[in-house]
Protein chains: 2
Amino acid sequence: MGKGNQTRALIIERSAPLFNKQGYAGTALSDLMKATGLEKGGIYRHFASKEELAAEAFDFAWAAAVRVRARGVEDEENAVDRLKLMVANFVELRAGLVPGGCPLLNTAIEADDGNAVLRERARRALHDWQSLLTRIARQGLKSGEIRKDVKPEELAGLIIAQLEGALMISRLNQSHLPLEWAKNHLTDYLETRVRAS
Amino acid sequence: MGKGNQTRALIIERSAPLFNKQGYAGTALSDLMKATGLEKGGIYRHFASKEELAAEAFDFAWAAAVRVRARGVEDEENAVDRLKLMVANFVELRAGLVPGGCPLLNTAIEADDGNAVLRERARRALHDWQSLLTRIARQGLKSGEIRKDVKPEELAGLIIAQLEGALMISRLNQSHLPLEWAKNHLTDYLETRVRAS
C-alpha cells in the first residue's frame, strides 16, 4: 500500500466509530479532523465528500461485523448448527467490532428517509446478510436437516429482525438481557420448529 | 388553549415528522422554520433549545404510536388475544401515526451514544411499552390464560424486539413482507407457546 492509500485507510478506520456512534448528520468535520489528526484539506484530498467517506466507513464497519458474526460457521456441518452459531456470535462476540452497535441498524434508521448513498449501502449489507442466512437454510432443506415447511427467506428475516430489535433495546437500556432473551428464543425456535427430527 | 399555547402545539406537531424522519442532528433550524412558517425567534420564544423542541416532538410522536398500537386492546378479554391485537396493530395500522417509522426505534438508535435528554425520553417510552405488555402477560398468568412457564418481562422484550427489527427491515427494503413475517411468527408463538391449553 502506498502512503496515500495508507492515509486513506487510516481516515476510514478512525472515522468509522464516529459515524457508527454519532450518525452521518451527527458527525461534524471537526470531529473527523480531531479523530484523524488531519486538516480539512488532508481529509478531502482522499474523499470527494463527507458522504463518500461515510459510505467507505460503513463498508469498513460492516465488514468487521460480518467477520465476527460468521466466525467458525464454516466449521459447523449441520445447517441448523450454523444458524445457531451465527445467532450466538451476534449476541456474544464484541471484539473486533467497530464501536457503536450494528452499522446496518444505525445506517438503516438514519438513511431510510434520508441519504440515498448510505441507504443503498445499508440495503446491500442487509441483502448480503439475508442471502447468507437464506443460503444456509436452503442447504439445510436440501440435505434434510431442516423441516420441509420452513421458508428460508422468512426464517432469515425473522432471525435478523429479532437480533437487531434486541440490540436496540439492549443498547438503549444498557443491559445484555434482551440480547440473551433473543438468543434463547431463536435457539429454541431453531431446535423445535426448524431442525428436522 | 391560549394563542401562545396554540402556537407551541403547532410547532410541535409540524416539527415531529421532521425529527422522526431526519433525526435530531439531521433537522436544521431552517427545516423547522420552513415547516412551521415561523422565524427563528418565533420558534425559540416557545422552546429553550432545539433539544427541548425535539423532546416534545418525540413525546408527541410516541403518544400517537401508543394510541394506535393499543387500539381496541381493552375490548379483548383474553390476555393472549390482547397481545395478538397489539402485534397486529403495530403491523397493520398506519393512520394517525407521525410519518418516519417508530419514534422509539429512531430516537433510540440516534441517542444511544448521543443526546442524553432524547435518550432518556426513548428509555421512558420503551419502559412504558414494555410495562404495558408485561402487565398484560402477568394478568394472563394470574387468570390461567397464559402458560405457567412464560416469563412476562421476557415475552414483552421478545415481542418488541421482533417488531422493531422487522420494521427496520421493512422500511429499508420498502417491503411490508418482513412485518407480515413478524406478525405471523409472533401470533404462532403466542398461540403455541404462550396460550394455556
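Residues numbered from 1 in each chain as written. Chains lettered and ligands numbered in written order. Predicted model: local features only at pLDDT ≥ 70, side-chain atom pairs only at ≥ 80, totals over all residues.

## Regarding the overall build of chain A
Piece 1. Within chain A, the regular secondary structure consists of nine helices and zero strands.
Piece 2. Helices (α) and strands (β) of chain A occur, in sequence order from the N terminus, as α-α-α-α-α-α-α-α-α.
Piece 3. The principal-axis extent of the C-alpha atoms belonging to chain A is close to 60 × 40 × 30 Å.
Piece 4. Taking all 197 residues of chain A together, 45% fall into the buried category.
Piece 5. Here the contacts in chain A between residues at least 6 apart in sequence split such that 64% fall between residues at least 24 apart. (Helix = DSSP H or I, 4+ residues; strand = E, 2+ residues; numbered from the N terminus. Buried ≥ 20, exposed ≤ 12 C-beta atoms within 10 Å, placed from the backbone. Contact = placed C-beta atoms within 7 Å.)

## Some details on the relation of the copies chain A and chain B
Piece 1. You can overlay chain A on chain B at an RMSD of 0.0 Å; the transform is a turn of 180 degrees with a shift of 0.0 Å along its axis. The superposition operator between the copies reduces to a two-fold rotation axis. (Least-squares fit on C-alpha atoms with pLDDT ≥ 70 in both.)

## Considerations on the interface of chain A and chain B
One frequently used descriptor of interface size is the decrease in accessible area upon assembly of the parts.
Piece 1. With 37 residues of chain A at the contact, the number on the chain B side is 37 residues.
Piece 2. Contributions of two or more residues to the side of chain A that touches chain B are made by α1 (3-22), α6 (103-111), α7 (116-143), α8 (152-173) and α9 (177-194) of chain A.
Piece 3. Counting residues per element, the side of chain A that touches chain B draws most heavily on α8(A), at 15 residues.
Piece 4. Each residue belonging to the side of chain A that touches chain B can be placed in one class, and the counts come to 17 nonpolar, twelve polar and eight charged. (Nonpolar A, V, L, I, M, F, W, Y, C, P; charged D, E, K, R; others polar.)

## Things to note about the packing of helix α5 (residues 79-92) of chain A against α7(A)
Packed helices, taken two at a time, are described by the angle between their axes plus the distance between the axes.
All names here are of chain A.
Piece 1. At a minimum axis separation of 8 Å, α5 and α7 run at an interaxial angle of 155 degrees. Comparing the axis directions of α5 and α7 gives the class roughly antiparallel. In this structure, α5 meets α7 at a crossing whose hand is left-handed. Within the contact between the two elements, α5 uses Ala79, Val80, Arg82, Leu83 and Met86 and α7 uses Leu133, Ile136, Ala137, Gln139, Gly140 and Ser143.
Piece 2. Class assignment for the residues of the contact of α5 with α7 results in seven nonpolar, three polar and one charged. (Axes fitted to C-alpha atoms, helices over the stretch in contact; angles between N-to-C directions. Parallel < 35°, antiparallel > 145°, perpendicular 65-115°, else oblique. Left-handed = near helix turned anticlockwise from the far one by under 90°.)

## Re α9(A)
Piece 1. With 18 residues, α9(A) should cover 26 Å at 1.5 Å per step; its first-to-last C-alpha distance of 24 Å lies within 8% of that length.
Piece 2. In this structure, the buried residues of α9(A) make contact with α5 and α8 of chain A together with α8 (152-173) of chain B. (Expected span 1.5 Å × (residues − 1).)

## Quick look at the packing of helix α5 (residues 79-92) of chain B against helix α9 (residues 177-194) of chain B
All names here are of chain B.
Piece 1. Here α5 crosses α9 at 175 degrees, and the two axes come no closer than 9 Å. As summarised for this structure, α5 and α9 are arranged roughly antiparallel, according to the angle between their axes. Across the interface between the two elements, Val80, Leu83, Lys84, Val87, Ala88 and Val91 from α5 touch Leu179, Glu180, Ala182, Lys183, Leu186, Thr187, Leu190 and Val194 from α9.
Piece 2. Split by residue class, the contact of α5 with α9 holds ten nonpolar, one polar and three charged.

## With respect to unusual backbone geometry
Piece 1. A positive phi angle is found at Gln174(A), which is not glycine, with a value near 45 degrees.
Piece 2. Since 8 C-beta atoms lie within 10 Å of it, Gln174(A) is described here as exposed.

## Here's the deal with the nonpolar core
Inside soluble globular proteins, nonpolar side chains tend to come together where they are buried.
Piece 1. In terms of nonpolar packing, the biggest core is built from 118 residues, with Leu83(A), Leu105(A), Ile159(A), Leu83(B), Leu105(B) and Ile159(B) touching the most fellow members.
Piece 2. Residues in contact with Leu105(B), not counting those within four places in the same chain, are Ile109(A), Met168(A), Glu164(B), Leu167(B) and Met168(B). (Core = buried A, V, L, I, M, F, W, Y, C linked by C-beta atoms within 7 Å.)

## A short note on the environment of Lys84(A)
Residue and element names in this part refer to chain A.
Piece 1. Residue placement: Lys84 occurs in helix α5.
Piece 2. With 20 C-beta atoms packed within 10 Å, Lys84 lands in the buried category.
Piece 3. Separated by 106 residues in the primary sequence, Lys84 and Leu190 place their C-alpha atoms 7.3 Å from one another.
Piece 4. Lys84 has contacts with Thr187 and Leu190, leaving out every residue within four places of it along the chain.

## Comments concerning the confidence of the model for chain A
Piece 1. With 100% of its residues at a pLDDT of 70 or more, chain A has an overall mean of 97.
Piece 2. Taken over the whole predicted complex, pTM reads 0.97, whereas the ipTM for its chain interfaces reads 0.96. (pLDDT = per-residue confidence, 0-100.)

## Focus on the environment of Thr107(B)
Residue and element names in this part refer to chain B.
Piece 1. In this fold, Thr107 is placed in helix α6 (residues 103-111).
Piece 2. The class for Thr107 is buried, based on 31 C-beta atoms found within 10 Å.
Piece 3. The spatial distance from the C-alpha of Thr107 to the C-alpha of Ala55 is 9.8 Å, given a sequence separation of 52 residues.
Piece 4. Ignoring any residue separated from it by four or fewer positions in sequence, one finds Thr107 in contact with Phe58, Leu118, Arg121 and Ala122.

## A few points about the environment of Arg193(A)
All names here are of chain A.
Piece 1. Relative to the helices and strands, Arg193 is located in helix α9.
Piece 2. Using a count of 16 C-beta atoms within 10 Å as the deciding quantity, one classes Arg193 as partly exposed.
Piece 3. Taking the C-alpha atoms as reference points, Arg193 and Arg147, separated by 46 residues in sequence, lie 7.6 Å from one another.

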